[in-house]
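# Fold and geometry: a report
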2 protein chains.
Amino acid sequence: MRADAERRTAVIDLGSNTFRLVVFTAEPGVWWRRTDEIYEPVRIGAGMAEGGPLKPKRMQRALDTLEMYAHFCRAAGLDPADVRPVATSAIREASNRDEFVARARKLAGLKVRVLSREEEARYGYLAAVNSTTLDHGAVLDLGGGSLQLVRVDHRLAQESGSWRLGTVRMTEAYLDDEPATKKQLKALRAHAREALADAPWLATSGDRLVGLGGTVRNLAAAAQHRAGLPSFGVQGFVLTREALGELTSELAALPARERRAVPGVKPERGDVILAGAATLEAVLEAGGFETVEVTEEGLREGVFFAEHLAPADPPLFPAVREASVRNLASQHQVDLIHANHVAALALQMYDALAAGGVHGGDTAERELLAAAGLLHDVGYAVDYDDHHRHSRYLILNAGLPGWTPREVALIAQLARYHRKGTPGFGELAPLMEDGDDERLARGAALLRIAEQLERSRDQSVRETRLTVQDGTVRLGLVAAGDVSVARWAAERHAELFEAAFDRRLEIAAEDAG
Amino acid sequence: MRADAERRTAVIDLGSNTFRLVVFTAEPGVWWRRTDEIYEPVRIGAGMAEGGPLKPKRMQRALDTLEMYAHFCRAAGLDPADVRPVATSAIREASNRDEFVARARKLAGLKVRVLSREEEARYGYLAAVNSTTLDHGAVLDLGGGSLQLVRVDHRLAQESGSWRLGTVRMTEAYLDDEPATKKQLKALRAHAREALADAPWLATSGDRLVGLGGTVRNLAAAAQHRAGLPSFGVQGFVLTREALGELTSELAALPARERRAVPGVKPERGDVILAGAATLEAVLEAGGFETVEVTEEGLREGVFFAEHLAPADPPLFPAVREASVRNLASQHQVDLIHANHVAALALQMYDALAAGGVHGGDTAERELLAAAGLLHDVGYAVDYDDHHRHSRYLILNAGLPGWTPREVALIAQLARYHRKGTPGFGELAPLMEDGDDERLARGAALLRIAEQLERSRDQSVRETRLTVQDGTVRLGLVAAGDVSVARWAAERHAELFEAAFDRRLEIAAEDAG
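## A few points about the relation of the copies chain A and chain B
With an RMSD of 0.0 Å, chain A superimposes on chain B once it is rotated by 180 degrees and translated 0.0 Å along the axis. The superposition of one copy onto the other is thereby described by a two-fold rotation axis. Comparing interface residues between copies, 100% of those in chain A also lie at the interface in chain B; the contact surface is shared.

## As for the sheet that holds strand 1 (residues 7–14) of chain A
One key point about sheets: their strands pair by backbone hydrogen bonds, in either a parallel or an antiparallel sense. Residues and elements named next belong to chain A. Strand order in the open sheet made by the five strands is 3-2-1-4-5, with mixed pairing throughout. Looking at which strands have only one partner, the edges of the open sheet turn out to be strand 3 (31–40) and strand 5 (113–114). Of the strand pairs in this sheet, strand 1 and strand 4 (residues 83–87) are connected by five bridges, and their pairing is parallel. By the bridge assignment, Asp 13 is partnered in strand 4 with Val 86. Against the sheet, helix 1 (residues 56–75) contacts strand 1, strand 2 (19–27), strand 3 and strand 4, and its axis sits at roughly 20 degrees relative to strand 2.

## A closer look at the nonpolar core
Within the largest apolar cluster, 127 residues are counted, with the highest numbers of intra-cluster contacts made by Ile 395 of chain A together with Ile 395 of chain B. Broken down by element, the residue count for this core peaks at nine residues, all from helix 13 (residues 336–355) of chain B. The residues touching Ile 395 of chain A, leaving out its near neighbours within four places in the chain, are Leu 328, Leu 375, Val 378, Leu 400, Val 408, Ile 411, Ala 412 and Ala 415 of chain A.

## Observations regarding the side chain of Asp 141 of chain B
All names here are of chain B. Examined against the element boundaries, Asp 141 turns out to sit in strand 6 (residues 137–142). Of the side chains with opposite charge, Arg 217 comes closest to the buried, unpaired Asp 141, at an N-O distance of 7.4 Å. Look past the residues within four positions of Asp 141 in its chain and what remains in contact with it is Gly 124, Ser 146, Leu 147, Gln 148, Leu 212 and Gly 213.

## Section: the confidence of the model for chain A
Taken as a whole, chain A shows an average pLDDT of 94; of its residues, 99% reach a score of 70 or greater. We note a pTM of 0.86 for the whole complex and an ipTM of 0.78 for its interfaces.

## Remarks on helix 5 (residues 167–174) of chain A
Among all positions of helix 5 of chain A, only Thr 167, Val 168, Arg 169, Met 170 and Thr 171 of chain A are buried. Residues of helix 5 of chain A that are buried make contact with helix 2 (89–93), strand 6 (137–142), helix 6 (182–196), helix 7 (214–226) and helix 10 (273–287) of chain A.

## A closer look at unusual backbone geometry
Look at the link from Ala 310 of chain B to Pro 311 of chain B: it is a cis peptide, with omega at 5 degrees. Within the secondary structure layout, Pro 311 of chain B lies in the loop between helix 11 (299–308) and helix 12 (320–331). Cis geometry is found at the peptide bond from Asp 313 of chain B to Pro 314 of chain B, where omega equals 0 degrees. Counting through the fold element by element, Pro 314 of chain B comes out in the loop between helix 11 and helix 12. You will see that Arg 457 of chain A, though not glycine, has its phi angle at about 60 degrees, which is positive. Relative to the assigned elements, Arg 457 of chain A resides in the loop between helix 17 (436–453) and strand 12 (461–469). With a relative accessible area of 19%, Arg 457 of chain A lands in the buried category.

## Thoughts on the interface of chain A and chain B
Each partner contributes residues to the interface: chain A has 36 residues there, and chain B has 36 residues. Linking chain A to chain B there are six salt bridges. Between Asp 385 of chain B and Arg 34 of chain A there is a salt bridge, with the nearest N and O atoms lying 2.5 Å from each other. On inspection of chain A and its partner chain B, the count reaches 20 residue pairs in polar contact (both at pLDDT 80 or more). Those elements that provide at least two residues to the side of chain A that touches chain B are strand 3, helix 1, helix 15 (387–398) and helix 18 (484–491) of chain A. Element by element, the count of residues in the side of chain A that touches chain B is highest for strand 3 of chain A, at eight residues. Split into classes, the residues belonging to the side of chain A that touches chain B amount to 16 nonpolar, seven polar and 13 charged.

Thresholds, definitions, all that
Residues numbered from 1 in each chain as written. Chains lettered and ligands numbered in written order. Predicted model: local features only at pLDDT ≥ 70, side-chain atom pairs only at ≥ 80, totals over all residues. Heavy atoms only, no water. Least-squares fit on C-alpha atoms with pLDDT ≥ 70 in both. Contact = heavy atoms within 4.5 Å. Pairing = 2+ DSSP bridges. Helix = DSSP H or I, 4+ residues; strand = E, 2+ residues; numbered from the N terminus. Axes fitted to C-alpha atoms, helices over the stretch in contact; angles between N-to-C directions. Core = buried A, V, L, I, M, F, W, Y, C linked by side-chain atoms within 4.5 Å. Buried < 20%, exposed > 50% of the residue type's maximum accessible area, 1.4 Å probe, protein only. Lys, Arg positive; Asp, Glu negative; His and termini not counted. Salt bridge = Lys/Arg side-chain N within 4 Å of Asp/Glu carboxyl O. pLDDT = per-residue confidence, 0-100. Polar contact = N/O pair within 3.5 Å; in protein donor to acceptor, adjacent residues only side chain to side chain. Nonpolar A, V, L, I, M, F, W, Y, C, P; charged D, E, K, R; others polar.

This is the structure we're talking about:
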């Protein structure tokens, strides 16, 4: 993996709640991934009055942590020029921030860059728009110190604001260690709504809200667990207002120390999770949003993307879903020529079957098929035996930003069934919607035929000419040379096709003319 | 993956039951793996009288299959010089074998090499000794046409024989489509024992018998299933005489067409599996073996190893267990310097704790710890997040020749718990033995401390000096430079250590003197 083309960047996020060091490794333009991460719940913003100083004990803990991070970076061989320490609201607003920055420089040798409100909001925006399909809507980044909101139109940031509504602050201002009273929560929400009144654009930014930050991730994980859904992370999870409301009630009924035991909530976040839930409710209400779409990426990825995608301005992936599929394929050295050709053959058959009236044809289904085509062999990275199962595992576990959990599950199952087995969802069934069984059956059948046509991995079957007549689908193979292997291989898998499309399949050589 | 150093070899095994094409990819001296495989149940030996010709219909099917394989090899860009077609007993003994070989050459362009009995036995031996720890015992390779046995001493082949006791032949001679009678099975076993009487060395070849071939693999899978054991393949599975006896009875009670539905038995092998089971029983009896150790490797790997390990003579891995661990690590680009250092630190602590009387110290346990140390980060190849879980997945699914399923499970769980979580076996529990909970607790604790000492991945903690006094273990760190990160990181994981060894852990810097 340590090719010459690889580059490592460390981002240190000095958040109000948590300090986090993330190392990104990338081959620019090809793939990127997180390769290391350490975090420490420093709580630098705890006990800080508005406009007051960082508390001495907190500052000391923060400096100790930074010293340790700096040591980690040196020891890991990271070039100091590739380390990006950035500080957010708690430090930005502390009266002794200059002292802190100077001591961090002296003790740890780190040049901490204190982000302005606008910069902080912008990095959150970059993370959101680069990990979701958001084109029109809003981005929420809820931290320990502050809340950032950005209005997005045509994928561009239009307006933004930052409020002192972070979870640590709101907890200290409105809640105590006991179960929360209705009165406390009401006061908290009222304060948040009032503060948000100076962002009238929020209510007109459309239907979609994307949420970032540890609190949002934990709330999504808890809601996912309550709903009995299988979980492979919360990337793309859609948290509804109703589910959030139920979760808030559950958390409010518990004393603070017991909230950390709610499944999905991390222990170190247990005491501030309720304030976060209630604040999020207030934002949904103020903006008229029915849901919040969760992304696992955040400020750190924003800082990374700003460099990784430069000189693009703004630094955005042209198409997030495609980028994440390609990123996963490239990380695992998928044979892209073969994979692209399998996808192309499957899509060609898909379109011809739609044109022949065999099925309706659907853009979203088509897109899933294309993604599964590109990723069907990614499991080779684990082992040849059962590589179809390993493809499923890699897709589910690595996740695909831009796709919902249901879509990731569909792509994973399509890859799972590209070689053998009777398509089904198994433990993933709770994620699926009406019609998904048929989508999986169609896609798996096409992928399997396409894979067999490309069994020799040399693109010798250049294209297919598919015609539908009564109960029969005739699949003509346009090939450079002999099609005997391709035809033999594909015919062995005709059954799945015939079941999925309720048509007999005939495969024949076609003149290339 | 397609580095310049990589080399591909295709082996085509023209077996009496199945024709199988396997592509091996290797970076010589670094790693090897199967990267493609197709098979076809040709049954070329079916209906063949002793000394008679291959039946025309079978020959035609065989030639069609070879033509298709040859096409596959060309299309996949394999150099014809790297394709190795080898034929075994059915073809070797056919009266029209020269005609078959000539037609294969003409039609498919393949120069089929007909193996002598000795060569066939030798390739099976190479597969067995390169995928198990067998040093003294016997190797059994049960095919459709013949049975090969090799006596092994000091890992070297000493004597060998080949008998016309293959599963297709024995089925045709002794069984029909109905449930088998006791009389039929008795006659089959008596014939086998009688034939084996000309190998008196079998009964004196020691306690260990290693079994190869599809029939043995299927019997192992069926026994594994009957015992309710979790399965990640049958590599290293130990099939006892008792379990084999029960399985034989179950199979005998069914008509032939229903045997294919017994879990673990492949449909295309259902009609010959019973004859195989009974023949295997006869071998165990004749040789006085209580068990047969199963390996998934076979003739094909033998042919491959003969080249891959040349010029070593005989072409054997010096140490199979170590080779398979290293093979898996190398396939996934593990950072070997880091992984070796983690293993070394863990072993250093393990030994010092044994010297201090904290635990007994055990060679086998130590070896598991070393393997887990080398493989703990192999899951990086999947994703950074949860890479400990991915390490477990890769280890379980790729398998480790030379280790039993229980040992592979232990290595996988040690890797799983090198970062977080409370060690346990979960679904793997049925594989485990008394004391394995403690082995896992000790190993996971040491691996976790070692990993944290090497958190910066720069070997800055060069070694540990561990002393035991009353209820306290003092761990001195000998380091080049500052040990603050290492100590901080390791201290966060002291709890697991303290629980596993029932001692308090104190970590301190040590003079390098």
